[in-house]
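Descriptive structure summary
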2 protein chains.
Amino acid sequence: MTTTSSTAPSTGSLSAADLDSPAQRERHARILDATVTLAREGGFDAVQMRAVAERADVALGTLYRYFPSKVHLLVSALAREFERADAGFRGLGAIPGATPADRVGWVMRRTTRGLHDDPRLIEALTRAFVSADASVAAEIRVVETLLAGILTRAMQPRSPRSPADDDAIARVIGDVWLAALVAWVTGRSSAAETAAHLETAVQLLLRE
Amino acid sequence: MTTTSSTAPSTGSLSAADLDSPAQRERHARILDATVTLAREGGFDAVQMRAVAERADVALGTLYRYFPSKVHLLVSALAREFERADAGFRGLGAIPGATPADRVGWVMRRTTRGLHDDPRLIEALTRAFVSADASVAAEIRVVETLLAGILTRAMQPRSPRSPADDDAIARVIGDVWLAALVAWVTGRSSAAETAAHLETAVQLLLRE
DNA sequence: GCGCGAACTGGAACGTGTTCTTCCTCGGCC
DNA sequence: GGCCGAGGAAGAACACGTTCCAGTTCGCGC
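Conventions and cut-offs
Counting restarts for each chain: residues are numbered from 1 in the order of the written sequence. For this description, chains carry letters from A and ligands carry numbers from 1, given in the order in which they are written. Only residues with pLDDT of at least 70 get local features here, since the model is predicted, and only at 80 or more are side-chain atom pairs given and counted; chain-wide, interface and lining totals rely on the full set of residues. Neither water nor hydrogens contribute to the side-chain values; these are computed over all heavy atoms in the structure. Working definition: helices are DSSP H or I runs of at least four residues, strands are E runs of at least two. Numbering for both runs from the N terminus. Remark: exposure states derive from per-residue accessible area (1.4 Å probe, protein chains only) relative to the maximum for the residue type, with buried under 20%, exposed over 50%, and partly exposed in between. Throughout, a contact is declared for two residues whenever any of their heavy atoms are within 4.5 Å. Aromatic pairing here means that ring centres of Phe, Tyr or Trp (its six-membered ring) are within 6.5 Å. Orientation follows from the plane angle: under 30 degrees is stacked, over 60 is edge-to-face, and everything else is tilted. Put simply, a charge is over a ring when the Lys NZ or the Arg CZ is close to the ring centre, within 6 Å, and near the line of the ring normal, within 35 degrees. UniProt positions are given in the numbering used here, feature names are shortened, and annotations may be inferred rather than shown by experiment. Copy-to-copy alignment: least squares on C-alpha atoms, limited to residues at pLDDT 70 or above in both. Near, as used in this document, describes a residue that has one of its heavy atoms within 4 Å of the molecule or strand being considered. Each polar contact in these results corresponds to two N or O atoms within 3.5 Å; when the atoms are within protein, one needs to be able to donate a hydrogen and the other to accept it, and residues that are neighboring in sequence are counted only if both atoms are side-chain atoms. Amino acid classes used here: Ala, Val, Leu, Ile, Met, Phe, Trp, Tyr, Cys and Pro are nonpolar; Asp, Glu, Lys and Arg are charged; the rest, including Gly, are polar. Two parts lose some accessible area (1.4 Å probe) when they are put together, and adding that loss for both gives the buried area. Note on definitions: salt bridges are taken to be side-chain nitrogens of Lys or Arg within 4 Å of carboxyl oxygens of Asp or Glu. Among buried residues, the Ala, Val, Leu, Ile, Met, Phe, Trp, Tyr and Cys ones that are joined through side-chain atoms within 4.5 Å form a nonpolar core.

All right, on to the overall build of chain A then. Of the regular secondary structure elements, chain A holds 10 helices and 0 strands. Relative to its 208 residues, chain A shows a buried fraction of 50%. The long-range fraction of contacts in chain A, counting pairs at least 24 apart against all pairs at least 6 apart in sequence, stands at 68%.

Below is the structure:
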C-alpha cells in the first residue's frame with residue numbers, strides 16, 4: 001500500500017507511476033470512457049471490472065494497475081465529470097441569478113439535471129462516492145474541492161455577512177446535496193422531491 | 001415496540017411471516033446481537049454473513065430468511081439502536097439546553113459519542129445505510145423517522161418562527177449528519193472535525 | 001401417537017471484485 | 001542486430017454475498 005505519491009494525479013489513479021506515455025494517457029481515458037458508458041447503460045452494477053476492461057480493450061490486470069479498485073475507478077470518473085462541469089461554469093462567465101440563493105439554485109439545478117438525463121450514471125457515481133473508504137481519500141478530495149469551488153463562486157457576490165460563513169454554508173449545501181442524492185438512490189425520494197429539498201435547504205441557508 | 005406498525009415489521013426483516021413464535025423472536029434478536037458484536041469488533045467487513053450465522057447459531061439460509069441481505073441486516077441493527085436511543089431520550093424527560101441549537105447540539109453530541117466509543121460499529125452502520133437500495137426502503141424509513149422525531153423534539157420549544165420550517169430544518173440537520181458520518185468513514189475528517197462541522201451547521205440553521 | 005407443512009440445517013454452487021502467476025511485447029541501449 | 005526490463009495480456013484462483021437444494025426437526029390439528 002504505497003500511497004502518498006509525491007505528485008498527486010489530478011483526477012486519476014494513484015498507482016505508482018503517473019501516466020507518462022501518450023499511450024498510457026490514452027488508455028486511462030479509454031478506461032474512464034468505458035466506465036461512464038457502462039454506468040450510463042446499467043448503473044453501478046453494470047460497471048463490472050471485467051466488462052470495463054473488455055470495453056476499454058485492456059487486460060483486467062492493466063485496469064487494476066490504473067485504478068486499484070472499482071470505487072477508485074468510479075470516483076475518478078466522477079472527478080472527471082466535475083472537472084468538465086467546473087470548466088463549463090467558468091467558461092460561462094457569470095452565473096445567472098440575482099441573489100446568491102438564485103445562483104446556487106441555478107448551479108444545483110444544472111448539476112442535478114442528470115437525474116433525468118442519466119439516472120443510472122448518477123446512481124453509479126453516487127454509490128461509488130459513498131462507498132469509498134480512506135484509500136480513496138485523494139480522489140474524493142478532488143471532487144470535494146471542485147464542488148466547494150463551484151458553490152462558493154456561485155454565491156460569490158454576497159451581501160454584508162461574515163465571510164467565514166461562506167465556506168461553512170457551501171459545505172452544508174454540499175452535504176445536503178450528497179444526502180439528497182443518497183435518498184434518491186435509496187428510492188426514498190423522487191427526482192423532483194430531491195430537487196425540491198435542495199432548493200429548500202439553499203433558501204434556508206442563504207436567506208439574507 | 002411503539003413503531004405504530006399495523007402489519008409491517010417494526011425494525012426487522014420483511015420476509016413473508018412476521019415473527020410469530022417466541023423462538024423466532026429470539027432468533028431475530030440473536031442475529032441482531034451477533035451482527036452488532038461483529039460490527040463492533042471489526043466493522044463492516046467483519047460482518048460476514050457466514051460469521052453472523054455461525055455466531056447467532058443459525059444456518060446461513062435461516063439468516064437470509066430473516067434478513068434478505070447484509071444491508072437489510074445492518075440497517076435493521078441501526079434501527080434497533082435508534083429505537084433504544086429514542087427511548088432513552090424520551091425517558092430522560094427534558095433535553096438539556098437553553099436554546100434549540102443547544103438542545104439539538106446536545107442530542108447530536110450524545111448520538112455521535114459512539115464515534116469514539118465504537119468507531120467500527122458506527123462505520124459498519126453508516127456504510128450499510130448509504131449502500132442501501134430501494135429494497136431496503138422500509139428499514140431506512142424507520143431510521144429516518146426516528147431521527148427526525150428525535151431532532152424535532154429536541155428543538156421543540158421554538159421561538160416565533162414559521163412552524164413549517166421545523167421539519168425542513170430537521171431534515172437538513174439529518175442530511176448534514178449523514179454527510180458528516182460519510183466524510184468520517186471516508187477518512188476525510190476526524191471525529192473531532194465531524195463533531196465540529198455538525199455544531200457549525202446546527203448553529204447556522206438554528207440561529208434565532 | 002400420527003401425519004403434515006413450515007421452518008431450519010448443512011453444505012454445495014454461482015457471480016463478481018480482487019489478486020496472482022505466467023508469458024508476451026515493445027522501446028531503448030550496447 | 002540482440003538484450004533487457006517495464007508494462008501489458010490472458011486467465012486461473014480466491015473471498016464473500018447470495019442462491020439453491022436435499023434432508024431434518026418442530027409444532028399443531030387430528
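After presenting the structure, the write-up continues.
Before going further, it helps to examine the packing of aromatic side chains. Residue and element names in this part refer to chain B. For the coordinates displayed, the defined rule picks out 4 aromatic pairs over all chains. Residues Phe 82 and Trp 177 carry aromatic rings whose centres are separated by 5.8 Å and whose planes lie at 75 degrees to one another, so their mutual orientation is edge-to-face. Remark: Trp 177 occurs in helix H9 (residues 164-185) and Phe 82 occurs in helix H4 (residues 70-92); sequence separation between them is 95 residues. Judged by its relative accessible area of 6%, Phe 82 falls in the buried class. On the basis of relative accessible area, Trp 177 is assigned to the buried category, the value being 13%. Above the ring of Phe 44, the side-chain terminus of Lys 70 is found at 4.0 Å from the ring centroid.

Our next topic: the UniProt feature "DNA-binding region" (unreviewed entry) in chain A. Here the UniProt-annotated "DNA-binding region" (unreviewed entry) positions come out as residues 48-67 of chain A. Annotated as residues 48-67 of chain A, this span is 75% helix and 0% strand, and its ends, taken at the C-alpha atoms, are 13 Å apart.

Of the transformation superimposing chain B on chain A, the axial component is 0.0 Å and the angular component is 180 degrees, with the fit at an RMSD of 0.0 Å. Interpreted geometrically, this transformation is the action of a two-fold axis. Of the interface residues in chain B, 100% have counterparts in chain A that sit at the interface too, so the contact is made through matching surfaces.

Right, let's talk about the protein's contact with DNA strand C for a bit. Near DNA strand C, the surroundings consist of 17 residues, among which Arg 27, Ala 59, Thr 62, Arg 65 and Tyr 66 of chain B are the closest. Atoms of DNA strand C within 4 Å of the protein belong to the sugar or the phosphate in 63% of instances, the rest to bases. Contacts to DNA strand C include Lys 70 of chain A, whose backbone N or O atom sits 2.8 Å from a phosphate oxygen. Within the contact set of DNA strand C, a phosphate oxygen lies 2.4 Å away from a side-chain nitrogen or oxygen of Thr 62 of chain B. Put simply, the parts of the chain that give the surface near DNA strand C at least two residues each are helix H2 (49-56) and helix H3 (60-66) of chain A together with helix H1 (22-46) and helix H3 (60-66) of chain B. At 3 residues, H3 of chain B tops the list of elements feeding residues into the surface near DNA strand C. Of the residues that constitute the surface near DNA strand C, the class distribution is 7 nonpolar, 4 polar and 6 charged.

The next subject is the interface of chain B and chain A. Accessible area lost during the coming together of the parts is what is often quoted as the interface size. Residue-level contacts link 33 residues of chain B with 33 residues of chain A. Here chain B and chain A share an interface that buries about 2800 Å² over both sides, 59% of which is from carbon and sulfur atoms. If you look at where chain B meets chain A, you find 2 salt bridges. The tally of links from chain B across to chain A stands at 6 residue pairs in polar contact (both at pLDDT 80 or more). When residues of the side of chain B that touches chain A are assigned to their parent elements, the largest contribution, 12 residues, is made by H9 of chain B.

Residues and elements named next belong to chain A. Contacts to DNA strand D come from 17 residues, most closely from Arg 27, Ala 59, Thr 62, Arg 65 and Tyr 66. Each atom of DNA strand D within 4 Å of the protein was assigned to sugar, phosphate or base; sugar and phosphate come to 65%. With respect to DNA strand D, the backbone of Ala 59 contributes an N or O atom lying 2.8 Å from a phosphate oxygen. Counting residues per element, the surface near DNA strand D draws most heavily on H3, which supplies 3 residues. The residue makeup of the surface near DNA strand D, split by class, is 7 nonpolar, 4 polar and 6 charged.

Moving on, we come to the nonpolar core. By size, the foremost hydrophobic cluster in this structure holds 142 residues, and its most contacted members are Ile 173 of chain A together with Ile 173 of chain B. When near neighbours in sequence (up to four residues on either side) are disregarded, Ile 173 of chain B contacts Val 104, Met 108, Leu 151, Met 155, Val 202, Leu 205 and Leu 206 of chain B.

A word on the UniProt feature "domain: HTH tetR-type" (unreviewed entry) in chain A. The positions that UniProt labels "domain: HTH tetR-type" (unreviewed entry) are, in the present scheme, residues 25-85 of chain A. As a span, residues 25-85 of chain A carries 87% helix and 0% strand, and end to end its C-alpha atoms are 21 Å apart.

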